[in-house]
Amino acid sequence: MNVIHTIEALRAIILENKQKGKRIGLVPTMGYLHEGHLKLASQARTENDVVIMSIFVNPTQFGPNEDFESYPRDLQRDTKLATSVGVDVIFAPSVEEMYPHDGGISILAGHQATLLCGASRLGHFDGVLQVVAKLFNLIQPDISYFGQKDAQQVAIIQTMVRDYNFPVELRIVPVVREEDGLAKSSRNVYLSETERSQAPAIQQALQLAKRELMKSGNVEKSIQLAEKIIEENVEGRIDYLTLLSYPDLAEVTTETDQVLLAVAVYIGKTRLIDNLIFSFKGEHAHV
Ligand code: AMP
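Small disclaimer: the values here were computed from a predicted structure and weren't measured.

### Structural notes on the sheet that holds strand β2 (residues 24–29)
- Taken together, the 6 strands give an open sheet; going across it, the order is β1-β4-β3-β2-β5-β6, and neighbouring strands pair in parallel fashion. Two strands lie at the open edges of the sheet, namely β1 (2–4) and β6 (169–173), each paired on one side alone. Neighbour to neighbour, the strand axes of the sheet diverge by 25° on average, direction disregarded.
- Looking at chain direction, β2 and strand β3 (residues 50–55) are connected through 6 bridges and run parallel. Bridge pairing in β3 links threonine 29 to isoleucine 55.
- Relative to β1, helix α1 (residues 7–19) is tilted by about 135°, and along the sheet it contacts β1, β2, β3 and β4 (89–91).
- On the sheet, helix α2 (residues 35–47) packs against β2, β3, β5 (143–147) and β6 and is oriented at approximately 155° with respect to β5.

### Digging into the site of the ligand
- The immediate surroundings of the ligand are formed by 17 residues, with Met30, His37, Asp150, Val176 and Lys184 found nearest.
- Coverage of the ligand by the protein chains reaches 92% of its 490 Å² of free accessible surface.
- Of the residues forming the shell around the ligand, the biggest block, 3 residues, is contributed by α2.
- Taken together, the residues of the shell around the ligand sort by class into 8 nonpolar, 6 polar and 3 charged.

### Digging into the domain arrangement of the protein chain
- Taken domain by domain, the protein chain holds domain 1 (2–173) and domain 2 (190–279).
- The C-alpha centroid of domain 2 is placed 26 Å from the C-alpha centroid of domain 1.
- Contacts between the two partners involve 19 residues from domain 1 and, on the opposite side, 16 residues from domain 2.
- Together domain 1 and domain 2 conceal approximately 1400 Å² of surface at their shared face, both sides included; 59% is due to carbon and sulfur atoms.
- Together, Leu116, Gln148 and Lys149 form the three largest contributors to the area buried by domain 1 at its contact with domain 2, with a combined 36%.
- Along the contact surface separating domain 1 from domain 2 lie 0 salt bridges.
- Between the two partners, domain 1 and domain 2, sit 8 residue pairs in polar contact (both at pLDDT 80 or more).
- Going through the elements one at a time, α5 (117–120) and α7 (151–163) are the ones with two or more residues in the side of domain 1 that touches domain 2.
- Per-element accounting of the side of domain 1 that touches domain 2 gives the leading share, 5 residues, to α7.
- Its residues assigned to classes, the side of domain 1 that touches domain 2 comprises 8 nonpolar, 7 polar and 4 charged.

Reading the values: rules and limits
Counting starts from 1 at the beginning of each chain's written sequence and moves along it residue by residue. Only residues with pLDDT of at least 70 are given local features in this predicted model, and only at 80 or more are side-chain atom pairs given and counted; all residues enter the totals for whole chains, interfaces and linings. Hydrogens and water are ignored here; the side-chain numbers use all heavy atoms of the structure. Being paired, for any two strands, means DSSP has found at least two bridges between them. In this description a helix means any DSSP run of H or I spanning at least four residues, a strand means any run of E spanning at least two, and both kinds are numbered starting from the N terminus. In this analysis an axis means a line fitted to C-alpha atoms, helices contributing only their contacting stretch, and an angle means the value between N-to-C directions, from 0 to 180 degrees. Any pair of residues with heavy atoms lying within 4.5 Å of one another is described as a contacting pair. By convention in these notes, a residue is near a molecule or strand provided one of its non-hydrogen atoms lies within 4 Å of it. To measure how exposed things are, a 1.4 Å probe is used in the Shrake-Rupley method; for residues, cover is taken only from the protein chains shown. Under the grouping applied here, Gly and all other residues not named as nonpolar or charged are polar, the nonpolar ones being Ala, Val, Leu, Ile, Met, Phe, Trp, Tyr, Cys and Pro and the charged ones Asp, Glu, Lys and Arg. Residue ranges assigned to the domains are those given by an automatic or database domain assignment. The buried area of a pairing is the accessible area, by a 1.4 Å probe, that goes missing from both parts when the two are put together, added over both. For salt bridges, the criterion is a side-chain nitrogen of Lys or Arg within 4 Å of an Asp or Glu carboxyl oxygen. Any pair of N or O atoms that falls within 3.5 Å is considered a polar contact. Within protein, one atom must be able to donate a hydrogen and the other to accept it, and sequence-neighbouring residues count only if both atoms are side-chain atoms.

Here's what the structure looks like:
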C-alpha cells in the first residue's frame, strides 16, 4: 500500500501505470471508511489492475454551518481497512494541495442540484463536481466507483461526465446497510444510543412507501405513510421525502421508468439520507 499526499507523487504513479497500459479504478471518498466504501473498493479490485482510493474531506462541498471541522477523520485506520480489500494507492491530499489558488473557475451543477439535498445544501453539488472533476483529471481512471447511497450525487456526476465528455465509466454500487437496515454512513458515529435505535425507521418507512406505491399507485398516500412512520419513530425532522424519476430527477410521468424514493432526516444534529431506486410507471400513479 502506497499512501501519498501530493499531486506530484500521484502524477508519477499515474504516468507509470498508463505507460504500462494498466487499467485504473478510482474510489473517491471522504474517509472514515466503513463497509460501504469497502464494497466500492472490492468491486474496483475485481475490475482493474490498479485501485486508487482518494481520501479527502472536501471543504467546498460543506456549507458554512455544516460539519466540515468535526467530520470524522482517521487515516491510519482507513489505511488498514483499504489494504484489507486490496487498494493499491491512497491519495490523501491536504486542502492546500487540492486548492492552492483562490477564486478561479467553478463548475455549476444544473437543475438536478436544485432539489432534494441541493435545496437545503446550497452549493454542495458544485463542490462535489469541483473535486470529482479534479480527481478525474489527475487520476484519469478507466472506471470510477460511486455508491447509490448518494443517488442524487451519482445522477449529477453522470450529467457532468456526459456534458463535459470525461473519458471515464461510472459504476454504481448498491447501498450497504447495517443488519437492522440503516444505511452505513461515516456520520452514523454522531448518533446517540437512542438516536441510533430510532434510525432504522427511515429505511422501514421507505420500504413501506414502496410497497404501498406498487399496490395502490397512490404517490401522495405512499409518501404520507412513510412520513408518519418516521414522525412516530424518530425524534427529528424530515428535510424531504420525495419520489422523482431517476436519474433525471423530474416529476414522475407516464414516460417514467426508474424512480428514486429519497429521504433526508435530521436526527438531533445529524442529517441522514437514504433512498430506494425501483421501476415504477407514472401511468400507475393516482395522485
Ligand atoms: P463519502 O466518504 O461519504 O463521500 O462516500 C464515498 C463513496 O462511498 C460515495 O460514492 C458514497 O456514495 C459511497 N458510500 C457511502 N456510504 C455507502 C453505503 N452505505 N453503501 C454504498 N456506498 C456508500
